[in-house]
Amino acid sequence: MSELPELWEMAPLQAIVPDPQQDIVDGPFGSNLKASEYRDDGVPIIRLQNVSRNRFVEKNTKYISPAKAEELDRHNFRAGDIAITKLGAPLGKAAIIPERLKHGVIVADIVRVRVRDEYADRRFLTYAINSPD
């Protein structure tokens with residue numbers, strides 16, 4: 001990365017969230033959420049095709065039952081969280097989850113980052129994750 005402005009510093013993600021164990025979470029192990037459990041209504045899930053660079057793609061949304069979502073609660077998301085792909089090309093695309101999706105569950109190929117405003121600007125962070133550097 002080129003030189004940072006004065007008073008800025010480079011930091012790993014875990015340094016800008018209050019609780020890295022809870023604020024940076026990956027999706028459930030593959031066998032814990034199977035495509036056969038997807039439904040046309042219920043609790044929304046975020047999959048690879050929903051995350052583009054700096055843009056959340058709301059198409060072909062799938063859902064799981066509320067009971068399954070409760071079982072996978074550790075892998076939850078809320079509106080405003082950042083979803084990052086950990087599979088596919090290019091790797092590491094990031095997008096902010098829109099307000100319309102109040103809560104749901106991420107799949108195994110996604111990492112969810114929950115950033116509080118007092119720690120970092122999530123829009124800037126999303127652009128930084130998507131930058132070539």
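Residues numbered from 1 in each chain as written. Predicted model: local features only at pLDDT ≥ 70, side-chain atom pairs only at ≥ 80, totals over all residues. Heavy atoms only, no water.

Trainee: I would appreciate a short explanation of helix α3 (residues 122–130) in the present structure.
Mentor: Three- or four-residue spacings in an α-helix give side chains the same orientation, since the helix completes a turn every 3.6 residues. All of the buried residues in α3 are Leu125, Thr126 and Asn130. Buried residues of α3, viewed axially, fall in a sector of 130°; they line one side. Next to the buried residues of α3 lie β7 (82–85) and β8 (94–96). (Buried < 20%, exposed > 50% of the residue type's maximum accessible area, 1.4 Å probe, protein only. Helix = DSSP H or I, 4+ residues; strand = E, 2+ residues; numbered from the N terminus. Arc of directions from axis to C-beta. Contact = heavy atoms within 4.5 Å.)

Trainee: I keep staring at the side chain of Asp81 and nothing clicks. Help me out?
Mentor: With respect to the element layout, Asp81 can be found in the loop between β6 (76–78) and β7. Residue classification places Asp81 among the buried positions, given a relative accessible area of 3%. Within the structure, the side chain of Asp81 is placed 2.8 Å from the backbone nitrogen of Arg78, a separation counted as a polar contact. (Polar contact = N/O pair within 3.5 Å; in protein donor to acceptor, adjacent residues only side chain to side chain.)

Trainee: In this structure, what is going on with a nonpolar patch on the surface? I would like to understand it.
Mentor: Where nonpolar side chains cluster on the molecular surface, the patch consists of Leu7, Trp8 and Phe124 and spans about 410 Å² of accessible area. For Phe124, the location among the structural elements is in helix α3. Exposure remark for Phe124: the relative accessible area of 46% places this residue in the partly exposed category. (Patch = residues over 30% accessible without salt bridge, like charges linked within 9 Å, V, L, I, M, F, W, Y side chains within 5 Å. Areas by Shrake-Rupley, 256 points an atom, 1.4 Å probe, with all protein chains shown as cover. Salt bridge = Lys/Arg side-chain N within 4 Å of Asp/Glu carboxyl O.)

Trainee: I'm lost on the environment of Pro98 in this one. Help?
Mentor: One can find Pro98 in the loop between β8 and β9 (103–106). If we ignore the near neighbours within four places in the chain, the residues touching Pro98 are Phe56, Glu58 and Ala79.

Trainee: Mind showing me how you'd approach the pairing of strand β2 (residues 43–46) here?
Mentor: In regular strands, side chains alternate between the two faces of the sheet. Residues Val43 and Ile45 point to one face of β2 and Pro44 and Ile46 to the other, with burial holding for every one of them. Pairing of β2 with β9, which is carried by two bridges, proceeds in the parallel orientation. Along β9, the bridge assignment pairs Ile45 with Val105. (Pairing = 2+ DSSP bridges.)

Trainee: What is the right way to look at the nonpolar core in this model?
Mentor: Across soluble globular proteins, you tend to see nonpolar side chains buried next to one another. One finds Ile46, Ile64, Ile97 and Ile110 to be the most contacted residues of the largest nonpolar core, which totals 18 residues. Put simply, the parts of the chain that give this core at least two residues each are β2 and β9. In terms of residue count, β2 provides more of this core than any other element does, three residues in total. When sequence neighbours within four positions are dropped, the list of residues in contact with Ile97 reads Ile46, Phe56, Phe77, Arg78, Ala79, Gly80, Asp81 and Ala83. Listed in part, the ten residues of the second largest apolar core include Ile16, Ile82, Ile84 and Val113. (Core = buried A, V, L, I, M, F, W, Y, C linked by side-chain atoms within 4.5 Å.)

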